Amino acid sequence: MSKTIVLHSFRGGTGKTNTSANVGAILARRGLRVGVIDIDIQSPGIHTLFELTEKDVKTSLNGYLWGEIEIEEAAIDVTDRLGDEAKGKYYLIPSSIKASDIARILRDGYKVTLLDDGYKQLLGALELDVLIVDTHPGLNDEILLSMAVADTLVVLLRPDQQDYQGTSISMKLAQNLEVEDVVLLVNKNPPLFNPEMVKERVEDAYKSNVVAVLPHSDEMLSLSSAKLFVREFPDHPLTALFEKVADRCVV
Amino acid sequence: MQLSQEEIVGYLRRVSAFKKLVDEQAEELAKISQVRQFARGDELFKQGDKNGGVYIVVSGKVIIERELDRNNSSVSLMVAKPVESLGEMSLFVDAPRSVTATALENTVTLWIDNDDFVSFISRYPDLLLELCKVLSQRLVEAYDKIAEVTLNRKPRELRKLYDKLDF
């Protein structure tokens, strides 16, 4: 059965995009057909992890939302970015990185409710096992719609007071929207903080499971969101934690 | 791009307003159709223009926009894709074009002059009825757009979700 997994955080900079791309990569390597869609239409970014430039992104989610193309026409096959050992398929559905397209979105808007149909269409047309939705931080129409259709919602946060407060709003929202499966993911945990204690504290605060506490990583920083971490550092402890997140996402 | 008479008939038959044309009518309509090509960014017609004619998109895409007086801005109304028609309103309204049509990519169209078209449909009332259906659908879409633009109202699906957020 296919699954829609939505990654959300109340505040920016929590690592949603890197997590989306890397968890997707792990699942595709294992043999699943995976799509990752960037619905951060006003500030897209996930394409850089797949080493794509504006020239490579010929069609995008924007075209679908404007009624110009079918959503599957925006999918780019990025399976080759996973290396030779990939057993599945990996598709990226990017938002446009053309300044003129972003300006048009800001000026004219788009029919946001098309997203819901678009997710279903992608799962069917590309025969996906998993669709991962990478979102804009905070709350807006797109997030609300995506949360409402999520089979699993992953809420990311850093061990930081601003993130803690914002996450309580996100969790309340997910509860009101009756999202069945919600997990928390703590990211960028500094070396000074004991991950077990952080996990315990967060689980206690939100009465929800923490799937993993990902450490701050200099190696991740060194990649500057220009490559997939799990491919560059397959034996790194952080890759093992991404594997754990991937396990939980497809339960 | 050159299109044979047979190919033009083929495209015309796929246009929703022309689906009920019999062979003889389709061939007659093809004879008064001209192929017109546009590069990306070219305007097929501009709001305020007085040239009358109906376009049928063969390949490419055309965006229809209503230009607004304020801030040099505009509202996108629709994107016409292959076998969709545009500009039919000029057949019935003796007024300048109410919208601007611009090619979003290199586009090939069939163009039928208003006088030729009126002369053609006046002999086939059934076709007139089909055209009315197309224009009525456009009117419904325009009402939706007006509601969206003037009320800035969330779609029903979203309103239901927002209703759940009463913390």
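Each value, and the rule that gives it
- Residues numbered from 1 in each chain as written.
- Chains lettered and ligands numbered in written order.
- Predicted model: local features only at pLDDT ≥ 70, side-chain atom pairs only at ≥ 80, totals over all residues.
- Heavy atoms only, no water.
- Pairing = 2+ DSSP bridges.
- Helix = DSSP H or I, 4+ residues; strand = E, 2+ residues; numbered from the N terminus.
- Axes fitted to C-alpha atoms, helices over the stretch in contact; angles between N-to-C directions.
- Parallel < 35°, antiparallel > 145°, perpendicular 65-115°, else oblique.
- Left-handed = near helix turned anticlockwise from the far one by under 90°.
- Contact = heavy atoms within 4.5 Å.
- Nonpolar A, V, L, I, M, F, W, Y, C, P; charged D, E, K, R; others polar.
- Patch = residues over 30% accessible without salt bridge, like charges linked within 9 Å, V, L, I, M, F, W, Y side chains within 5 Å.
- Areas by Shrake-Rupley, 256 points an atom, 1.4 Å probe, with all protein chains shown as cover.
- Salt bridge = Lys/Arg side-chain N within 4 Å of Asp/Glu carboxyl O.
- Buried < 20%, exposed > 50% of the residue type's maximum accessible area, 1.4 Å probe, protein only.

Novice: How do you make sense of the sheet that holds strand β8 (residues 210-215) of chain A when you look at a structure like this?
Specialist: Pairing between the strands of a sheet is mediated by backbone hydrogen bonds and can be parallel or antiparallel. Residue and element names in this part refer to chain A. Read across the open sheet, the 8 strands follow the order β3-β4-β2-β5-β1-β6-β7-β8; overall the sheet is mixed. Every other strand in the sheet has two partners, leaving β3 (76-77) and β8 as the edge strands with one partner each. Pairing of strand β2 (residues 33-38) with strand β4 (residues 89-93) involves 5 bridges; the strand directions are parallel. Residue Ile 37 lies in a different strand from β4, and its bridge partner there is Ile 93.

Novice: Just checking my understanding: could you explain the packing of helix α1 (residues 5-14) of chain B against helix α2 (residues 23-31) of chain B for this structure?
Specialist: Residues and elements named next belong to chain B. Where α1 meets α2, the axes come as close as 9 Å, and the angle between the chain directions of the two elements is 110 degrees. For the element pair α1 / α2, the angle class is roughly perpendicular. The handedness of the crossing between α1 and α2 comes out as right-handed. Here α1 contributes Gln 5, Ile 8, Val 9, Leu 12 and Arg 13 to the contact with α2, which in turn contributes Asp 23, Ala 26, Glu 27, Leu 29, Ala 30 and Lys 31. Looking at side-chain class alone, the contact of α1 with α2 contains 6 nonpolar, 1 polar and 4 charged residues.

Novice: Honestly, a nonpolar patch on the surface in this entry has me stumped. Any pointers?
Specialist: Residues and elements named next belong to chain B. On the surface, a nonpolar cluster with roughly 350 Å² of combined accessible area is contributed by Met 89, Phe 92, Val 93 and Leu 128. Mapped onto the elements, Leu 128 comes out in helix α5 (residues 125-151). Take Leu 128: its relative accessible area is 31%, and that puts it in the partly exposed class.

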